[in-house]
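Architecture and fold: a report
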Amino acid sequence: MTQPKKVRSSSKSLKESLKKSLTGIHGLDEITGGGLPTGRPTLVSGGAGSGKTLFGLGFLVRGATQYNEPGVFISFEETLPDLSKNAASLGFDLDQLVKDKLLFLDHVHITRSEFAETGEYDLDGLFIRIADAVQQVGAKRIVLDTIEALFGQLPNPTILRSEIRRLFDWLKAKGLTTVITAERDRPDKLTRHGIEEFVSDCVIVLDHRIREEISTRRLRVVKYRGSTHGQNEYPFLIDDKGISVLLPISTLRLNHAAPDARISTGIERLDGMMGGHGFYRGSSILLSGTAGTGKTSVAAHFVDAACRRGERCMFFAFEESPLQVVRNVRSIGIDLQPWIDKGLLRFVAARPTHGGIEDVLLVTHKSISVFKPTVVVVDPITNLLMVSTLHEVRSMLTRLIDFLKTQGITAMFTSLTAPKSSLEANEADVSSLMDTWILLKTVEVGGERNRALYVLKSRGMDHSNQIREFLLTNEGLRLLDVYLGSEGVLTGAARVSQEGREKAAGTLRQQQLEGRRRELDRKRQIFEARMTMLRAEFEVDEEIIQQSIAESTLLDEELLQDRGQMRRSREADATAYKQQGRAPAARKRR
């Protein structure tokens with residue numbers, strides 16, 4: 001039961017003993033898991049011009065300025081004035097660091113005549129010199145450049161091996177975090193003597209190679225005792241800030257934001273095809289198509305719209321000069337020069353063959369970091385294949401896209417498709433990295449070549465599934481309506497012919513409609529005339545009938561009146577008769 005506890009204790013003790021010192025070299029600390037082993041020697045091997053001396057200087061300068069760890073640089077080849085001048089070209093002010101007691105520089109010149117190859121030969125003099133330098137500045141770090149100059153004059157391999165091991169043990173005993181540079185003159189060996197890599201706790205190889213006339217640099221951590229580390233080859237760059245290592249894709253994290261805001265494509269009807277609002281801000285857009293399909297023209301609309309909103313744009317041109325791009329897009333009604341003059345648009349134009357794929361990535365990162373645009377165009381990405389392999393180009397673009405997304409920058413990439421290849425393929429093989437993919441193509445019908453586009457994909461939004469023909473006019477890119485025929489979508493002359501037929505048919509229908517309206521008006525007029533005549537006849541008849549009715553009524557009244565008079569007359573006669581009958585009777589009674 002006690003054995004597992006001992007194992008855990010031993011493991012914990014080992015972990016605590018593996019202290020590391022940050023180098024300050026971008027990318028290297030991530031690859032090594034925290035920097036170089038503290039208090040131990042690290043061997044940096046490489047051929048001439050691979051960057052060994054610069055590596056050592058960067059390690060010391062950043063240690064002194066960023067981590068408060070003064071350092072000592074012992075040069076066995078370059079003189080101190082030359083060393084200061086060379087470092088100044090890379091942004092390192094060694095003289096100031098020396099004045100501030102953060103750095104000690106020493107040049108040790110060794111010739112063959114100075115060697116006394118005896119059994120008593122040792123490095124005590126060098127040790128004393130190093131110890132004095134360390135004491136003067138309180139150094140925690142030291143660089144010896146290069147070990148071949150120190151031991152190159154020793155022909156006896158036994159003495160050579162003994163003294164190299166003694167040097168490494170002495171440096172480790174002093175607790176100095178050490179970088180020792182070594183020349184690599186053969187690809188099958190890390191060092192000239194083949195000894196140093198075995199006594200070093202960490203071994204880093206720098207390689208400067210030429211492939212297809214293009215320069216490229218690679219770094220590899222060959223060995224790191226007691227620590228895990230990246231074991232692949234990693235591209236690295238040398239610029240005015242020193243060395244920086246490009247991290248592998250596996251270290252990139254997908255933790256960038258996903259804004260809901262949308263920005264216009266610069267083409268109103270294309271916005272309509274994108275759900276009516278354009279692209280998501282911070283997304284990546286791919287325009288692919290064969291030569292002459294209008295990729296740069298679409299990108300120019302996008303840039304022009306962003307500048308009109310007052311946003312900064314950066315245009316990386318790998319094929320055309322800025323003046324040529326400005327002149328060409330002016331033919332479609334887009335003038336980019338005012339935006340350049342106002343500082344809203346900046347071109348970075350250079351052929352990728354000017355440097356390696358790493359230089360292209362370095363230039364894009366630096367330019368974007370300085371200018372801080374919200375919109376970036378890269379035209380075209382397929383030119384990068386001229387300087388590197390498909391895998392390396394895809395890795396570079398993956399890094400660039402992730403960098404742009406973390407900055408919230410909306411990026412548009414154009415890609416050239418080979419004429420005979422599948423249209424839904426792109427030479428750089430990056431379509432899966434893109435949020436939106438718009439494909440432009442030419443349609444050949446009836447001896448004509450016409451341009452069309454469609455949205456192949458657009459993540460997170462509704463988008464049109466139509467293939468839309470477009471024209472490049474002096475007023476910009478104009479998307480046309482879809483015309484379907486028996487053989488599919490009609491373009492060019494076929495579309496114009498179809499438009500003519502539809503226009504003629506529409507005119508005929510309009511004429512027929514107008515004829516029917518006129519006929520209806522005539523019938524309405526006839527109807528109204530007849531109604532007027534009938535109304536007049538009705539009024540005459542009505543008058544006659546009314547008169548007849550009046551006469552009848554009058555006759556009836558007269559008849560009634562006559563009857564009344566006759567009744568009254570009869571009543572009067574009866575009364576008189578009665579009165580006459582009573583009179584004789586009275587006379588008789590008398």
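Look up: the structure comes first, before these words.
Just so it is clear, the model here is predicted, and its values are computed rather than measured. (Residues numbered from 1 in each chain as written. Predicted model: local features only at pLDDT ≥ 70, side-chain atom pairs only at ≥ 80, totals over all residues. Heavy atoms only, no water.)

What to know about the overall build of the protein chain
Note the threshold: Secondary structure elements are defined from DSSP: runs of H or I of at least 4 residues count as helices, runs of E of at least 2 residues count as strands, and each element is numbered from the N terminus. Here's how the labels work: a residue is buried when its accessible area is under 20% of the maximum for its type, exposed when over 50%, partly exposed in between, all with a 1.4 Å probe on protein chains only. Residue contacts follow a heavy-atom distance rule, with two residues in contact if any of their heavy atoms lie within 4.5 Å. For accessible areas, the Shrake-Rupley method is used with a probe of radius 1.4 Å. Any residue's cover is judged against the shown protein chains and nothing else.
Secondary structure summary: the protein chain contains 16 helices and 24 strands in total. Sorting the 590 residues of the protein chain into buried and exposed places 45% on the buried side. In the protein chain, the proportion of contacts linking residues at least 24 apart, taken out of those at least 6 apart, comes to 69%. Approximately 31,900 Å² of the protein chain is accessible, and the part contributed by carbon and sulfur atoms is 51%.

Remarks on the sheet that holds strand S10 (residues 234-239)
Inclusion rule: At least two DSSP bridges between two strands are needed for those strands to be called paired. Every axis in this analysis is a line fitted to C-alpha atoms, fitted for helices over the stretch in contact. Angles between the N-to-C directions lie between 0 and 180 degrees.
The 9 strands lie next to each other as S5-S4-S6-S7-S3-S8-S9-S10-S11, forming an open sheet whose pairing is mixed. Of all strands in the sheet, those with a lone pairing partner are strand S5 (103-107) and strand S11 (242-245), marking the two edges. Going from strand to strand, the sheet's axes swing by 20 degrees on average, the running direction of each strand aside. Of the strand pairs in this sheet, strand S3 (residues 41-46) and strand S8 (residues 202-211) are connected by 5 bridges, and their pairing is parallel. Of the residues in S8, the one forming a bridge with Ser 45 is Val 205. Sitting on the sheet, helix H3 (residues 52-66) touches S3, strand S4 (71-75), S5, strand S6 (141-145), strand S7 (177-183), S8, strand S9 (214-224), S10 and S11, and the angle it makes with S6 is about 165 degrees.

Considerations on the sheet that holds strand S14 (residues 284-289)
Pairing within the open sheet is mixed, and its 9 strands lie in the order S16-S15-S17-S18-S14-S19-S20-S21-S22. Where the open sheet ends on each side, the last strands, each with one partner, are strand S16 (345-349) and strand S22 (476-479). On average, adjacent strands in this sheet sit at an angle of 25 degrees to one another, irrespective of strand direction. Strands strand S15 (313-317), S16 and strand S17 (375-379) of the sheet are contacted by helix H14 (residues 357-371), whose axis makes an angle of about 160 degrees with S15.

Considering the state of the cysteines
Structurally, a disulfide amounts to a covalent bond that connects the sulfur atoms of two cysteines. What counts is decided by this rule: Working definition: a disulfide is two cysteine sulfur atoms within 2.5 Å of each other.
Per the counting criterion, the structure on display carries 0 disulfides. The thiol of Cys 307 is not disulfide-bonded; the next cysteine sulfur, from Cys 313, is found 3.8 Å away.

Some remarks on the packing of aromatic side chains
Operational definition: What counts as a ring pair is set by centres within 6.5 Å for rings of Phe, Tyr and Trp (its six-membered ring), and what kind of pair is set by the plane angle: stacked under 30 degrees, edge-to-face over 60, tilted for all other angles. When the NZ atom of lysine or the CZ atom of arginine is within 6 Å of a ring's centre and also within 35 degrees of its normal, the charge is said to sit over that ring.
Evaluation of the coordinates by the stated rule reveals 3 aromatic pairs. An angle of 5 degrees between the planes, with centres 4.6 Å apart, marks the rings of Phe 127 and Trp 170 as stacked. With Phe 127 in helix H6 (residues 124-137) and Trp 170 in helix H8 (residues 157-173), this residue pair connects regions lying 43 residues apart in the sequence. For the pair Phe 315 and Phe 347, a centre-to-centre distance of 4.9 Å together with 35 degrees between the ring planes defines the contact as tilted. Of this pair, Phe 315 sits in strand S15 while Phe 347 is found in strand S16, placing the two residues 32 residues apart along the sequence. The residues Phe 315 and Phe 347 share a single accessibility class, namely buried. Across the ring face of Tyr 280, the terminal group of Arg 262 is positioned such that the distance to the ring centre comes to 4.8 Å.

What about the side chain of Asp 271?
Note the following rule: Neither His nor the chain ends contribute to the count of charged residues, in which Lys and Arg are positive and Asp and Glu negative. Salt-bridge detection follows one rule: a side-chain nitrogen of Lys or Arg within 4 Å of a carboxyl oxygen of Asp or Glu. Pairing of N or O atoms within 3.5 Å defines a polar contact, subject to two protein rules: one partner must be a possible hydrogen donor and the other a possible acceptor, and residues neighboring in sequence count only if both atoms are side-chain atoms.
Tracing the backbone through its elements, the reader meets Asp 271 in helix H10 (residues 268-273). Lacking a salt bridge, the buried Asp 271 has Arg 309 as its closest oppositely charged neighbour, with an N-O distance of 7.5 Å. At a separation of 2.7 Å, a polar atom in the side chain of Asp 271 contacts the side chain of Ser 264. Setting aside its immediate chain neighbours within four residues, Asp 271 contacts Ser 264, Thr 265, Gly 266, Gly 276, His 277 and Gly 278.

Re a nonpolar patch on the surface
Selection rule: Patches in this entry comprise residues that are over 30% relatively accessible and not in a salt bridge; like charges within 9 Å are linked, as are nonpolar side chains (Val, Leu, Ile, Met, Phe, Trp, Tyr) within 5 Å.
A contiguous nonpolar patch, built from Val 540, Ile 544, Ile 545 and Ile 549 and spanning about 350 Å² of accessible area, is present on the exposed surface. Here Val 540 is to be found in helix H16 (residues 492-589). The exposure class of Val 540 is partly exposed, given its relative accessible area of 46%.

Some points on the packing of H14 against helix H15 (residues 390-406)
Note the following rule: Angles below 35 degrees are treated as roughly parallel, those above 145 as roughly antiparallel, those between 65 and 115 as roughly perpendicular, and all remaining angles as oblique. Residues were grouped as follows: Ala, Val, Leu, Ile, Met, Phe, Trp, Tyr, Cys and Pro as nonpolar; Asp, Glu, Lys and Arg as charged; and all remaining residues, including Gly, as polar.
It is the contact of H14 with H15, at a shortest axis distance of 10 Å, that shows an interaxial angle of 10 degrees. Classified by the angle between their axes, H14 and H15 sit roughly parallel to one another. Together, Ile 357, Val 360, Leu 361, Thr 364, His 365, Ile 368 and Ser 369 of H14 and Glu 392, Val 393, Met 396, Arg 399, Leu 400, Phe 403 and Leu 404 of H15 make up the contact between the two elements. The class makeup of the residues in the contact of H14 with H15 is 9 nonpolar, 3 polar and 2 charged.

Thoughts on unusual backbone geometry
Backbone torsion omega between Asp 145 and Thr 146 reads -10 degrees, so that peptide bond is classified as cis. Relative to the assigned elements, Thr 146 resides in the loop between S6 and helix H7 (147-151). Positive phi values are uncommon outside glycine, yet Asn 68 reaches one of about 55 degrees. Mapped onto the secondary structure, Asn 68 falls in the loop between H3 and S4. Overall, the relative accessible area of 61% leaves Asn 68 in the exposed class. With a phi angle near 60 degrees, Lys 101 is a residue other than glycine that sits in the positive phi range. Checked against the element boundaries, Lys 101 lands in the loop between helix H5 (94-99) and S5.

Some thoughts on the side chain of Ser 50
Within the element layout of this structure, Ser 50 appears in the loop between S3 and H3. Discounting chain neighbours no more than four positions away, the residues touching Ser 50 are Leu 206, His 208, Arg 217, Phe 236 and Ile 238.

With respect to a negative patch on the surface
Defined as follows: Charge positions come from single atoms, namely NZ of Lys, CZ of Arg, CG of Asp or CD of Glu.
Taken together, the side chains of Asp 556, Glu 557, Glu 558 and Asp 562 present a region of like negative charge at the surface. With respect to the helices and strands, Glu 558 occurs in helix H16.

Re the pattern of salt bridges
Taken as a whole, this structure holds 17 salt bridges when the rule is applied. As a salt-bridge pair, Lys 172 and Asp 201 come within 3.1 Å of each other at their nearest N and O atoms. Of this pair, Lys 172 sits in helix H8 while Asp 201 sits in the loop between helix H9 (196-199) and S8, placing them 29 residues apart in sequence. For Lys 172, a relative accessible area of 33% puts it in the partly exposed group.

Read these as spatial facts, not as claims about activity.
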